[in-house]
Amino acid sequence: MTTKTVESLREKHDLILTYWISQREMADDFGGNFNSSDDLKAQSSELLEIVLKTITPENITDPYSPDLQPLFDYISGLTISRAKQGFSPRETATYIFSLKDALLRALGEIITDDTQELYRTTLEVSKFVDNIGITSFETFIKGREEVILSQADEMAELSTPVIKVWDGIIAMPIIGTLDSARTQVVMENLLQGIVDSESSIAILDISGVPAVDSLVAQHLIKTVNAIRLLGADCVISGIRPEIAQTVVHLGIDLSKMVTKATLASALKYSLTTLQLEVRRVQKDKSN
Amino acid sequence: MGKFLLVTIQVDLYDRLALTLEEDLIQMVHKTGARGVLIDISALSIVDSFMGKIIGNIAAMSSILDAETVVVGMQPAVAITLIELGLPLPGVYTALNVERGMALLTARMPDETEDEDVDDD
């Protein structure tokens, strides 16, 4: 692409914009997401302005040129704002790719005499716009991944609450699969809970754990040992029949731990250990 | 503290200091005829495998000298580290704080705390 062509393109800003808008309006997937075509026009004008300002004969063939950074930043911002408005990635991508058609149409009007030059420039512009489209898509995916990561963090936090069930007894229900990262969170929260509440018994309820494999059992054993090091006892409760079966079939030795079938029996055991008892209040019937 | 020795570790132990502690402690157990050793490590925030081994050693040596070792006030981070290092400190009693450690030691030797003249078997 020659400098002259770039300048001609810049001069034709308004014309390209008109082509672009009219094409968007004709397209089938022109949804009602914009309140009016004025919004579309304003946004497109801004984007086109930046594209034309950034584009030079040198950087058009170099997608990693540092000159392009402002353009990429703008595209990222645009993608995020469009995603928030409820556009699908397909809509955003077609929106950006339709710029290519408008640019190419304008190019056809600028370069009228040299077909070789027109062909070359067309290829370059096409690649350039593709690159913008890819940036937009990357931003979209990056945004998604951030959301997924933050949700995973939130889930890890939410699913490991430490509950004080009695003076000196705390319980922690575990829901979902135990992996290494999760066990770390469970262990830290539980140990901190024991220290904070000065509890001497911790009940680990695994009724919400779908499956126990040797790794999960290993994690459980570690947790129980760590609790013992702090000077507290640990009771594992909520062991379902299938889990008992798997544990025995895998040959995992849980005999050194106190295990109970239900949280209720674990609580009863804990109360007995603390030399407490629950009694029904006897009403005096003679009165 | 009566029949029990109380050791409070206030600084982060480095290897030489830990060895000195081991030696001094065993000497004291022997000299005083203590029946229990309480090691308060609540101020200890970093442990390594060597430190874990020293604690294990102290417990083993004390038990030869007929004294129980109780480690009290371990930080959660320290406990996790020891477990990850594969040192669950077998044979060492643990308690949440000094008070409970003392109660544990007292409970473990009821015949000693009561009148000594009575039991003679």
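Because the structure is a prediction, the values reported are computed rather than measured.

Enquirer: Which residues make up the overall build of chain A, and what values go with them?
Expert: Along chain A, the regular secondary structure elements total ten helices and five strands. In terms of C-alpha radius of gyration, chain A reaches 33 Å, well past the compact-globule figure of 19 Å for 287 residues. Here the C-alpha coordinates of chain A stretch approximately 110 × 50 × 35 Å along the principal axes. Sequence separation of 24 or more characterises 73% of the internal contacts of chain A that already satisfy a separation of 6 or more. For chain A, the exposed area adds up to about 16400 Å²; of that, 55% sits on carbon and sulfur atoms. When the 27 positive and 40 negative side-chain charges of chain A are each reduced to one mean point, those points stand 10 Å apart.

Enquirer: Give a detailed account of the sheet that holds strand β1 (residues 4-8) of chain B, specifying residues and quantitative values.
Expert: Residue and element names in this part refer to chain B. Strand order in the open sheet formed by four strands is β1-β2-β3-β4, with parallel pairing between adjacent strands. This sheet does not close on itself; its edge strands, each paired only once, are β1 and β4 (93-95). Taken over all neighbouring pairs, the strand axes of this sheet differ in orientation by 25 degrees on average, direction set aside. Where β1 meets strand β2 (residues 36-40), five bridges bridge the pair, whose relative direction is parallel.

Enquirer: Which residues make up the interface of chain A and chain B, and what values go with them?
Expert: It is common to give the size of an interface as the accessible area that goes away when the parts come together. Each side of the interface is counted separately: chain A has 17 residues, and chain B has 18 residues. Surface buried jointly by chain A and chain B totals about 1500 Å² across both partners, of which 61% is contributed by carbon and sulfur atoms. On the chain A side of the contact with chain B, Arg228, Leu229 and Leu230 of chain A bury the most area, a combined 41% of that side's loss. The tally of links from chain A across to chain B stands at one salt bridge. The partner of Glu84 of chain B in a salt bridge is Lys222 of chain A, and the shortest N-O contact between them spans 3.2 Å. Linking chain A to chain B there are six residue pairs in polar contact (both at pLDDT 80 or more). Residue assignment for the side of chain A that touches chain B shows that the elements contributing at least two residues are α7 (180-197) and α8 (214-230) of chain A. It is α7 of chain A that contributes the most residues to the side of chain A that touches chain B, seven residues altogether. A class-by-class count of the residues in the side of chain A that touches chain B yields seven nonpolar, six polar and four charged.

Enquirer: Help me get a handle on helix α4 (residues 69-85) of chain A, residues and values and all.
Expert: Residue and element names in this part refer to chain A. Under the 1.5 Å per step criterion, the end-to-end length of α4 is 24 Å for 17 residues, consistent within 8% with the ideal 24 Å. Within the sequence span of α4, burial applies to Leu71, Phe72, Tyr74, Ile75, Leu78, Thr79 and Arg82. Looking straight down α4, one finds that the buried residues subtend no more than 160 degrees of arc, so they occupy a single side. For α4, the exposed residues lying more than 90 degrees away from the buried face are Pro70 and Lys84.

Enquirer: Let's hear about the environment of Gln75 of chain B: which residues, and what values?
Expert: Structurally, Gln75 of chain B can be placed in the loop between β3 (68-72) and α3 (76-84). The class of Gln75 of chain B is partly exposed, set by a relative accessible area of 33%. Along the backbone, Gln75 of chain B and Val29 of chain B are 46 residues apart, and their C-alpha atoms lie at a distance of 26 Å. Every residue in contact with Gln75 of chain B, bar those within four places of it in the chain, is listed here: Leu230 of chain A together with Ser42 and Leu44 of chain B. A distance of 2.7 Å separates the side chain of Gln75 of chain B from the backbone oxygen of Ser42 of chain B, its partner in a polar contact.

Reading the values: the criteria
Residues take numbers from 1 onward in each chain, read along the sequence in its written order. As a convention, the first chain written is A and the first ligand written is 1, with the rest following in written order. Per-residue local features are limited, in this predicted model, to residues with pLDDT of at least 70; the limit for side-chain atom pairs, both in listing and counting, is 80 or more; totals at the level of whole chains, interfaces and linings are taken over all residues. Values reported for side chains reflect all heavy atoms of the structure, with hydrogen atoms and water molecules removed beforehand. A run of H or I in DSSP becomes a helix once it reaches four residues, and a run of E becomes a strand once it reaches two; helices and strands are each numbered from the N terminus. Computation of the radius of gyration draws on C-alpha atoms, with the globule rule given as 2.2 Å multiplied by the number of residues to the power 0.38. Contact between two residues is taken to exist if any of their heavy atoms lie within 4.5 Å; hydrogens are not considered. With residues, only the protein chains shown are counted as cover, and all accessible areas are computed by Shrake-Rupley using a 1.4 Å probe. For the charge count, each Lys or Arg is scored as positive and each Asp or Glu as negative, with His and the chain ends excluded. The location of each charge is read from NZ of Lys, CZ of Arg, CG of Asp or CD of Glu. Criterion used throughout: strands pair if DSSP finds at least two bridges between them. Every axis in this analysis is a line fitted to C-alpha atoms, fitted for helices over the stretch in contact. Angles between the N-to-C directions lie between 0 and 180 degrees. Buried area: the accessible area, evaluated with a 1.4 Å probe, that two parts lose upon being put together, summed over both parts. By salt bridge we mean one thing: a side-chain nitrogen of Lys or Arg within 4 Å of a carboxyl oxygen of Asp or Glu. Here a polar contact is recorded for every N or O atom pair within 3.5 Å, except that within protein the pair must consist of a potential hydrogen donor and a potential acceptor, and residues adjacent in sequence are included only if both atoms are side-chain atoms. The classification used treats Ala, Val, Leu, Ile, Met, Phe, Trp, Tyr, Cys and Pro as nonpolar, Asp, Glu, Lys and Arg as charged, and all other residues, Gly among them, as polar. To estimate how far a helix should reach, multiply one less than its number of residues by 1.5 Å. The buried label goes to any residue with under 20% of its type's maximum accessible area, the exposed label to any with over 50%, and the partly exposed label to all in between, with areas taken from a 1.4 Å probe on protein chains only. What the arc describes is the spread of directions from the helix axis to the C-beta atoms.

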